[in-house]
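Fold and geometry: a report
Residue strings, one per chain:
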Amino acid sequence: MTGRASIAIVAARLLVERRMILYACALSAVAGLARPHELAVTVFFCSALGVVAALLQTPGRYPDLDVCEQSAPLFGRQLARAKGFAPAVVAVLITLAYFAPQFAQPADGTAAAFVIAAAASIASTMVALCATLREGTARALYVALACATSVGAYLIAAFGTSIPGELAYCALVAFLALRQYGEALARFDPVPG
Amino acid sequence: MTILRMREACFHARGASVGPVTLDVAPGERVARVFPSGRGAAVAALMAAGIVKAGSGSVLIGEYDPRVQSAHCKRIAGYVPHAPSRIADSEFERYVAYRAALWSVDPMRAAAHAKLLLERLAGVHEAFAYSIAGALIASPSLLVLDRPQPAYAQQILAAAGPRAIFSTHVAASAAEEFSAAAADALPVMR
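Below is a short write-up of the structure. Everything numeric here is computed off the predicted structure, so don't read it as measured data.

Section: the pattern of salt bridges
For the structure shown, the criterion picks out 6 salt bridges over all chains. Across the pair Glu 69 of chain A and Arg 13 of chain A runs a salt bridge, and its minimum N-O distance is 2.8 Å. Taken together, the residues span a long stretch of sequence, with Glu 69 of chain A in helix H4 (residues 63-71) and Arg 13 of chain A in helix H1 (residues 3-16) at a distance of 56 residues. The residues Glu 69 of chain A and Arg 13 of chain A share a single accessibility class, namely buried. Its salt-bridge partner being Asp 146 of chain B, residue Arg 147 of chain B comes within 2.8 Å of it at the nearest N-O pair. The two residues Arg 147 of chain B and Asp 146 of chain B agree in class, both being buried. Taken together, the shared-partner salt bridges in this structure form one network comprising Arg 13, Asp 66, Glu 69 and Lys 83 of chain A.

In structure tokens, the structure reads:
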């Protein structure tokens, strides 16, 4: 797949969800004003909104985009990368919005907290993407796994006091989740109920 | 030579199974099939377009098997869904550019092609015309239509030109509008 196709998919997904992204960023900024220096709140809040952004990719919400993507000459893993990039961008935007008030008045550790929260949010979002192609218990389990991912990231960062460790953990989880999503997408049959 | 070859193709997952479907479509040929339910017609069209993989039997699009070469199949087959699109008039240019990017078509050429196609689809409601024009932008060799509107048959056939067409239907009268000739038998899939 060309970069042009990837950019087109990401741009189209972000465009149709622009209002949702705006509301999420506004909510995130308000939360950032209310609880600016609590790492646990930051990580879990940004991850939760990232999970919601991922669940918005569930087939059926935007049927015209779904039909185009499913009928386009793209391989499952290629499509997965492009579709995974859109909620990852949203997750980063939400985290940026959360930290926007703090960036205005920088304090010690703000940049580190941002990196920790963004990495956890992206990893949780990638895991939650796998839930979009499943139903019932499997879907709920993937959402729970996405929440557990952010808990793991927080524990490594807060109690392991290792930012590189947390980044490595999030990168590994995101990589495996994206591969799993690609495999699931290649096998997915968009059949009407 | 066939551009679409389905042999006892069945789809089993998610509710009642669909098929078996057996048919051949030659380049430039029009084949219309009647199915007992809308779901059956939809799944058969999705299998013919390489979007859904047959659980048993075989499907070949061109010389490719959708189970292992789905991207190649999707270059050959253009798929038009039954449901009308939700694309607004103001979004059509962006929709064309989006499809052009996905199919690696030059955007200027795609825009000009889309304009020509819409002229041929004059009289067709935009909700249907946009989907058909979108599917034809990449110039597929095979056009797969899921329960197309029989009232627009002439315009759709004019827009499709000489390429092969496979359409699924639930009413025999609708299938007649899209079949190669009235004399052709229209087998009902059971």
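Overview of the interface of chain B and chain A
Counting from both sides, the interface comprises 29 residues of chain B and, opposite them, 27 residues of chain A. Taken over both partners, the interface formed by chain B and chain A buries close to 2500 Å², and the fraction arising from carbon and sulfur atoms is 63%. Joining chain B to chain A, the criterion identifies 0 salt bridges. Taken together, the links from chain B to chain A amount to 6 residue pairs in polar contact (both at pLDDT 80 or more). Counting residues per element, the side of chain B that touches chain A draws most heavily on helix H3 (residues 92-102) of chain B, at 7 residues. Split by residue class, the side of chain B that touches chain A holds 18 nonpolar, 2 polar and 9 charged.

A closer look at the sheet that holds strand S7 (residues 164-169) of chain B
Residues and elements named next belong to chain B. Taking strand neighbours across the sheet as the criterion, the 4 strands line up as S3-S7-S6-S5 in an open arrangement whose pairing is parallel. On the outer flanks of this sheet lie strand S3 (30-34) and strand S5 (77-80), each paired with one strand and no other. Adjacent strand axes in the sheet meet at a mean angle of 15 degrees when their direction is disregarded. Bridge analysis of S5 against strand S6 (residues 142-146) gives 4 bridges, and the strand direction is parallel.

Re the environment of Ile 163 of chain A
With respect to the helices, strands and loops of the structure, Ile 163 of chain A is situated in helix H8 (residues 163-187). With residues near it in sequence (within four places) discarded, Ile 163 of chain A still touches Ala 112, Val 115 and Ile 116 of chain A.

Concerning a nonpolar patch on the surface
Taken together, Phe 44, Val 151, Leu 155 and Phe 159 of chain A make up a surface patch of nonpolar side chains, about 380 Å² in accessible area. Phe 44 of chain A sits in the partly exposed class, given a relative accessible area of 33%.

Examining the nonpolar core
Membership of the largest hydrophobic core comes to 85 residues, with the highest contact counts inside it found for Tyr 98, Leu 102, Leu 121 and Leu 143 of chain B. With 12 residues, helix H6 (residues 110-129) of chain A is the largest single contributor of residues to this core. Beyond its immediate chain neighbours, meaning those up to four positions away, Leu 102 of chain B contacts Ala 5, Ala 8, Ile 9, Cys 68, Glu 69, Ala 72, Pro 73 and Leu 74 of chain A. In this structure, Ile 3, Ala 9, Met 47 and Cys 73 of chain B belong to the second largest nonpolar core, which totals 34 residues.

Points about the packing of aromatic side chains
Residues and elements named next belong to chain A. Within this structure, the stated rule accounts for 8 aromatic pairs over all chains. Relative to Tyr 98, the ring of Phe 45 has its centre 5.7 Å away and its plane inclined at 45 degrees; by these criteria the two rings are tilted. Linking Phe 45 in helix H3 (residues 39-55) with Tyr 98 in helix H5 (residues 76-104), this pair joins segments that are 53 residues apart in sequence. Under the relative-accessibility criterion, Tyr 98 is labelled buried at 0%. Between Phe 99 and Phe 114, the ring centres sit 5.5 Å apart and the planes meet at 85 degrees, which makes this aromatic pair edge-to-face. Placement of the pair is Phe 99 in helix H5 and Phe 114 in helix H6, with a sequence separation of 15 residues. Just as Phe 99 is buried, Phe 114 falls in that class too. Grouped by ring-pair contacts, the aromatic residues Phe 45, Tyr 98, Phe 99 and Phe 114 constitute a single cluster. Against the face of Phe 75 rests Arg 77, its NZ or CZ located 5.6 Å from the ring centre.

About the criteria used
Note that residues are indexed from 1 along each chain, following the sequence as it is written. Throughout, the order in which chains and ligands are written sets their labels, letters from A for the former and numbers from 1 for the latter. For a predicted model such as this one, the threshold for reporting local features is a pLDDT of at least 70, and the threshold for listing and counting side-chain atom pairs is 80 or more; totals across whole chains, interfaces and linings nevertheless cover every residue. By convention in this description, side-chain values take in all heavy atoms of the structure and omit both hydrogens and water. A pair is scored as a salt bridge if a Lys or Arg side-chain nitrogen falls within 4 Å of a carboxyl oxygen belonging to Asp or Glu. Secondary structure follows DSSP: runs of H or I at least 4 residues long count as helices, runs of E at least 2 residues long count as strands, and numbering of each begins at the N terminus. Note on exposure labels: buried denotes an accessible area under 20% of the residue type's maximum, exposed denotes more than 50%, and partly exposed covers the range between, all computed with a 1.4 Å probe on protein chains only. Any two residues whose heavy atoms approach within 4.5 Å at even a single point are treated as in contact. Two parts lose some accessible area (1.4 Å probe) when they are put together, and adding that loss for both gives the buried area. N or O atoms within 3.5 Å of each other form a polar contact, as long as, within protein, one can give a hydrogen and the other can take it, and as long as residues adjacent in sequence are counted only when both atoms are side-chain atoms. Polar here means any residue other than Ala, Val, Leu, Ile, Met, Phe, Trp, Tyr, Cys and Pro, which are nonpolar, and Asp, Glu, Lys and Arg, which are charged; Gly is therefore polar. Paired strands, as defined in this entry, are two strands with at least two bridges between them according to DSSP. Throughout, an axis means a line fitted to C-alpha atoms (over the contacting stretch in the case of helices), and angles, computed between N-to-C directions, take values from 0 to 180 degrees. Residues with no salt bridge and a relative accessible area higher than 30% make up the patches, which join like charges within 9 Å and nonpolar side chains (Val, Leu, Ile, Met, Phe, Trp, Tyr) within 5 Å. A 1.4 Å probe and the Shrake-Rupley method give the accessible areas. Residues count as covered only by the protein chains that appear here. Nonpolar cores were defined as sets of buried Ala, Val, Leu, Ile, Met, Phe, Trp, Tyr and Cys residues, with membership established by side-chain atoms within 4.5 Å. Think of it this way: a Phe, Tyr or Trp ring, Trp meaning its six-membered ring, pairs with another when their centres are within 6.5 Å, and the plane angle makes it stacked under 30 degrees, edge-to-face over 60, tilted otherwise. Two limits define a charge over a ring: the Lys NZ or Arg CZ must be within 6 Å of the ring centre, and within 35 degrees of the ring normal.

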